[in-house]
Amino acid sequence: MDSCKCCIAESSGEMQFGPVTDSAVSALPLSKDTSFGGKATPKEGKFETELDLSNVDEIGLEIDYTDTENFIVKRVSGTADGPLQVLDAIIAVNGERLTTKQIFMERVKGAANSKSKLQLSVNRPAETQVDLQKPGQLGITINYKKNSHGFWVSTIEAGLLEKWNDANPATKVAPHDRIVAVNGASGPPADMLNVLKEESTLKLTVMRYSA
């Protein structure tokens, strides 16, 4: 059977997914303003925005911390017209690059305690459909946890995806991009992985994050 290499790491223990209140941080309200500094948030690419924590009561944000390069917005409650969207990647807080969940939690807690604003550097992905046809190795390593939003690409080696990238340089998939559906299936990552392994014709919905 054709296969892809998969780094699941289930045996290392479940990563904790949940709202930012899981470390005694007050809930995050999301501004309903769609602009920051007079600029509208873009459809894709990198931009700056902020959360006003001066009057914190309810949470509006849940984060997927699986990929330490990109902290992915998993849920946004009641803020469809706000500056953040599901699958946005938060890459820095107050100008500090995020490398661990702890850093993010500490900065949020600090802003909440001081009733101040939190500046976020965000990378909004572009959606791309990737069509692959077996036989052949996919040539990717993917990572995910049980409750993560799809799975993210760790490495790309010789295989079908590399060939697709060569044929589609303007929309090529790169490490840290995220596969959110396989042949239309966007359920739990384990179910998506089964489709990825078993089907010969693959249509991958990939969220590409600009470098």
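Residues numbered from 1 in each chain as written. Predicted model: local features only at pLDDT ≥ 70, side-chain atom pairs only at ≥ 80, totals over all residues. Heavy atoms only, no water.

Trainee: Lay out the pairing of strand β7 (residues 70-76) with the relevant residues and their values.
Mentor: The buried fraction of β7 amounts to 5 of the 7 residues, a majority that puts the element mostly inside the structure. Taken together, the 5 bridges between strand β6 (residues 61-67) and β7 define a ladder with antiparallel strand orientation. The partner of Asp67 across the bridge, within β7, is Asn70. (Buried < 20%, exposed > 50% of the residue type's maximum accessible area, 1.4 Å probe, protein only. Helix = DSSP H or I, 4+ residues; strand = E, 2+ residues; numbered from the N terminus. Pairing = 2+ DSSP bridges.)

Trainee: Would you mind going over the packing of aromatic side chains in detail, with residue names and values included?
Mentor: Going through the model one piece at a time under the given rule, you end up with 4 aromatic pairs. Ring centres of Tyr65 and Phe71 lie 5.3 Å apart, and the angle between their planes is 80 degrees; on these two criteria the pair is classed as edge-to-face. By the ring-pair criterion, three or more aromatic residues cluster together here, those being Tyr65, Phe71 and Phe104. (Phe/Tyr/Trp six-rings, centres within 6.5 Å; stacked < 30°, edge-to-face > 60°.)

Trainee: Go over the layout of surface pockets with me, naming the residues and quoting the values.
Mentor: Considered as a void within the structure, the largest pocket measures approximately 290 Å³ in volume. Surrounding the largest pocket, 20 residues form its lining, Asn123, Asp177, Tyr209, Ser210 and Ala211 being those nearest its centre. Listing elements by their share of the lining of the largest pocket, those giving two or more residues are β5 (45-52) and β10 (117-124). (1 Å grid on protein atoms, 1.4 Å probe; cavity = no way out; pocket = protein on both sides within 12 Å on 5 of 7 lines; lining within 4 Å. Points joined across faces, edges and corners; volume = space filled by probe spheres on them.)

Trainee: Lay out the environment of Gly150 with the relevant residues and their values.
Mentor: Examined against the element boundaries, Gly150 turns out to sit in the loop between β12 (140-143) and β13 (151-156). It is 9.9 Å that separates the C-alpha atoms of Gly150 and Thr205, two residues lying 55 residues apart in sequence. Non-local contacts of Gly150, meaning those with residues more than four positions away in its chain, are made with Tyr144, Arg178, Ile179, Val180, Pro189 and Met192. (Contact = heavy atoms within 4.5 Å.)

Trainee: Outline unusual backbone geometry, listing residues and values.
Mentor: Of all residues except glycine, most have a negative phi; of all peptide bonds, most are trans. Cis geometry is adopted by the peptide bond preceding Pro135, which originates at Lys134 and carries an omega value of 15 degrees. Along the chain, the position of Pro135 falls in the loop between β11 (126-133) and β12. The phi dihedral of Leu87 falls on the positive side, at around 80 degrees, and the residue is not glycine. Residue placement: Leu87 occurs in the loop between β7 and β8 (89-93). Take Leu87: its relative accessible area is 10%, and that puts it in the buried class. Of note in this structure, Asn183 is not a glycine but carries a positive phi near 50 degrees. Take Asn183: it is sitting in the loop between β14 (178-182) and α3 (189-198). For Asn183, a relative accessible area of 34% puts it in the partly exposed group.

Trainee: Quick one: what's the story with the pattern of salt bridges, residue by residue and with numbers?
Mentor: The tally for this structure, following the rule as stated, stands at 8 salt bridges. With a closest N to O distance of 2.8 Å, Glu62 and Arg75 form a salt bridge. With Glu62 in strand β6 and Arg75 in strand β7, the pair connects residues that are 13 residues apart, well separated along the chain. With a shortest N-O distance of 3.3 Å, Arg97 and Glu69 are connected by a salt bridge. (Salt bridge = Lys/Arg side-chain N within 4 Å of Asp/Glu carboxyl O.)

Trainee: Could you give an account of the confidence of the model for the protein chain, naming the residues involved and the relevant values?
Mentor: Averaged over all residues, the pLDDT of the protein chain is 76; the fraction at 70 or higher stands at 75%. Every residue in residues 1-39 is under pLDDT 50, and counting partners more than four places away or in other chains gives 113 contacts. (pLDDT = per-residue confidence, 0-100.)

Trainee: Quick rundown of helix α2 (residues 160-167)? Include the residues and the values.
Mentor: If you check which residues of α2 are buried, you get Leu160, Leu161, Trp164 and Asn165. One face of α2 carries all of its buried residues, which in axial projection span an arc of 140 degrees. Residues of α2 that are exposed and point more than 90 degrees away from the buried face comprise Lys163, Asp166 and Ala167. On its buried side, α2 packs onto β11, β12 and β13. (Arc of directions from axis to C-beta.)

Trainee: Could you give an account of the environment of Thr141, naming the residues involved and the relevant values?
Mentor: Examined against the element boundaries, Thr141 turns out to sit in strand β12. Separated by 34 residues in sequence, Thr141 and Pro175 have C-alpha atoms that sit 9.2 Å apart. In terms of polar contacts, Thr141 uses its side chain to reach the side chain of Thr155, at 2.8 Å. (Polar contact = N/O pair within 3.5 Å; in protein donor to acceptor, adjacent residues only side chain to side chain.)

Trainee: Please give an account of the pairing of strand β15 (residues 201-208) that cites residues and values.
Mentor: A large share of β15 lies buried, amounting to 6 of its 8 residues. With 8 bridges joining them, β11 and β15 adopt antiparallel strand pairing. When the bridges of β15 are listed, Val130 appears paired with Leu204. Of the strand pairs in this sheet, β14 and β15 are connected by 4 bridges, and their pairing is antiparallel. Residue pairing for β15: Val182 is matched across the bridge by Leu204.

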